[in-house]
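Now for the letters of each chain:
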Amino acid sequence: MKKSYLVLIACSVSMALFTACGGGSGTSNEYLSDIPSLEKNYYGKMQEKEQALKECTDMEKAFELAKEKDLLKEEWDTKIKESFTTKPLTKALPFEGLDTKDFTINEIKVESATKGHMGLKFYITINEDMKDEYGNLKKDVIIYFKALDKDGKEIEESTTVAVVFNREEMKAGKNIEASATWQSKAIQNMENFAKIQIITKEEYDTKK
């Protein structure tokens, strides 16, 4: 009986260690689920693997490390895709920003997530005809934005743009979609993501 009890404890400890060492999800964000945590975890592992490969002087060991790196990339991509599939990010992202008479942002949602990439979609209504300096209808909209955490602080590497790719004339009443992307260096910092903040082109230019 005592022996069985000890075996049970040993198995429990082994399973706990196995879970801790795997690609666990860690922190879960209200809007982005465990994707930032997964991205942070695998990015760190990849950096370690690349550093080990860089410092390796043994050809056989270097070959093994290269194979491990390729497998890690596949696992990274699989884990992100699995998370996005099993826990879809259906919640609209909160946002605040500049008042503009030209258009209204109705909603912002996560459209896709893969290794090192998160695609966003901005759903917009044009309020009045948008014209360029020559009086011609514009065929694009550029929205500058960044992410803020729950303390209202800017999330590192999150400043980017949303753009319209279909080149339609920006006429009053038209509903359009603008696309944006966050890369790995931003995503891994978003465990504490709270909202998007729309910014001016001038502020964007100071960060790029």
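Chemist: What am I meant to see in the pattern of salt bridges here?
Modeler: Oppositely charged side chains are able to pair whenever their charged atoms sit close together. Enumeration according to the criterion identifies 16 salt bridges in this entry. Here Glu168 ties to Lys174 by a salt bridge, and the two come within 3.1 Å at their closest N and O atoms. Residue class for Glu168 comes out partly exposed when judged on its relative accessible area of 31%. Counted as one network, the salt bridges with shared partners bring together Lys146, Glu154, Glu203 and Lys207.

Chemist: I tried to follow helix α2 (residues 35–55) on my own but got confused; where do I start?
Modeler: A turn of α-helix holds 3.6 residues, and therefore any two residues three or four places apart point the same way. Here α2 spans 30 Å end to end across 21 residues, near enough to the 30 Å set by a 1.5 Å rise per residue. On its buried face, α2 is in contact with α3 (59–86), β2 (103–114), β3 (117–126) and α4 (184–187).

Chemist: Would you mind showing me how to read the pairing of β3 here?
Modeler: Side-chain positions along a regular strand alternate between the two faces of the sheet. Taken across its 10 residues, β3 has 8 buried, putting it largely inside the fold. Counting the residues that bridge the hairpin from β2 to β3 gives 2 residues, and of these Gly116 lies at a positive phi of roughly 70 degrees. Two strands pair when backbone bridges link them, and β3 and strand β6 (residues 175–183) are joined in this way by 9 bridges, in the antiparallel orientation. From the neighbouring strand, Leu120 faces β6, where its bridge partner is Ala180.

Chemist: Mind showing me how you'd approach the side chain of Ser83 here?
Modeler: For Ser83, the location among the structural elements is in helix α3. With a relative accessible area of 4%, Ser83 lands in the buried category. Here the side chain of Ser83 touches Asp34 through a polar contact of 2.5 Å, side chain to side chain. Once residues lying within four places of it in the same chain are set aside, the contact partners of Ser83 are Ser33, Asp34, Ile35, Leu38 and Pro88.

Chemist: For this particular structure, what's the right way to read the packing of α2 against α3?
Modeler: In the contact formed by α2 and α3, the axes pass within 10 Å of each other and the chain directions differ by 175 degrees. Between α2 and α3, the angle falls in the class roughly antiparallel.

Chemist: What exactly am I supposed to notice about unusual backbone geometry here?
Modeler: For residues besides glycine, phi is generally negative; the peptide bonds are generally trans as well. Phi is positive for Ser33, which is not a glycine, with a value near 55 degrees. One can find Ser33 in the loop between α1 (2–21) and α2. Judged by relative accessible area, which is 10%, Ser33 ranks as buried. Its identity as a non-glycine residue notwithstanding, Glu157 has a phi of 70 degrees, on the positive side. Following the sequence through the fold, Glu157 ends up in the loop between β4 (142–149) and β5 (160–163).

Chemist: What am I meant to see in the nonpolar core here?
Modeler: What tends to happen in soluble globular proteins is that the nonpolar side chains get buried as a cluster. Within the largest apolar cluster, 40 residues are counted, with the highest numbers of intra-cluster contacts made by Leu120, Phe122, Trp182 and Phe193. For this core, the elements supplying multiple residues, two or more each, are α2, α3, β2, β3, β4, β6, α4 and β7 (193–199). Excluding anything up to four places from it in sequence, Trp182 contacts Gly116, His117, Met118, Leu120, Phe145, Ala147, Ser158, Thr160, Ile187, Met190, Phe193 and Ile196.

Chemist: Teacher, can you tell me more about the environment of Thr27 here?
Modeler: Within the secondary structure layout, Thr27 lies in the loop between α1 and α2. Along the primary structure Thr27 and Asn192 are separated by 165 residues, whereas in three dimensions their C-alpha atoms are 8.8 Å apart. Those residues in contact with Thr27, other than ones at most four positions away along the chain, are Ser33, Asp34, Ser37 and Glu191.

Chemist: I would appreciate a short explanation of the packing of aromatic side chains in the present structure.
Modeler: Think of a pair of aromatic rings as described by two things: how far the centres are apart, and how the planes are tilted against each other in angle. One pass over the full model with this rule turns up 6 aromatic pairs. Here the aromatic rings of Tyr42 and Trp76 are separated by 6.5 Å at their centres, their planes lie at 15 degrees, and the arrangement is stacked. Here Tyr42 is found in helix α2, whereas its partner Trp76 is found in helix α3, with 34 residues between them in sequence. The class of Tyr42 is buried, set by a relative accessible area of 0%. For Trp76, a relative accessible area of 6% puts it in the buried group. For the pair Tyr144 and Tyr204, a centre-to-centre distance of 5.0 Å together with 50 degrees between the ring planes defines the contact as tilted. Remark: Tyr204 occurs in helix α5 (residues 201–207) and Tyr144 occurs in strand β4; sequence separation between them is 60 residues. In this structure, Tyr144 and Tyr204 share a single accessibility class: buried.

What counts and what doesn't
Residues numbered from 1 in each chain as written. Predicted model: local features only at pLDDT ≥ 70, side-chain atom pairs only at ≥ 80, totals over all residues. Heavy atoms only, no water. Salt bridge = Lys/Arg side-chain N within 4 Å of Asp/Glu carboxyl O. Buried < 20%, exposed > 50% of the residue type's maximum accessible area, 1.4 Å probe, protein only. Helix = DSSP H or I, 4+ residues; strand = E, 2+ residues; numbered from the N terminus. Expected span 1.5 Å × (residues − 1). Contact = heavy atoms within 4.5 Å. Pairing = 2+ DSSP bridges. Polar contact = N/O pair within 3.5 Å; in protein donor to acceptor, adjacent residues only side chain to side chain. Axes fitted to C-alpha atoms, helices over the stretch in contact; angles between N-to-C directions. Parallel < 35°, antiparallel > 145°, perpendicular 65-115°, else oblique. Core = buried A, V, L, I, M, F, W, Y, C linked by side-chain atoms within 4.5 Å. Phe/Tyr/Trp six-rings, centres within 6.5 Å; stacked < 30°, edge-to-face > 60°.

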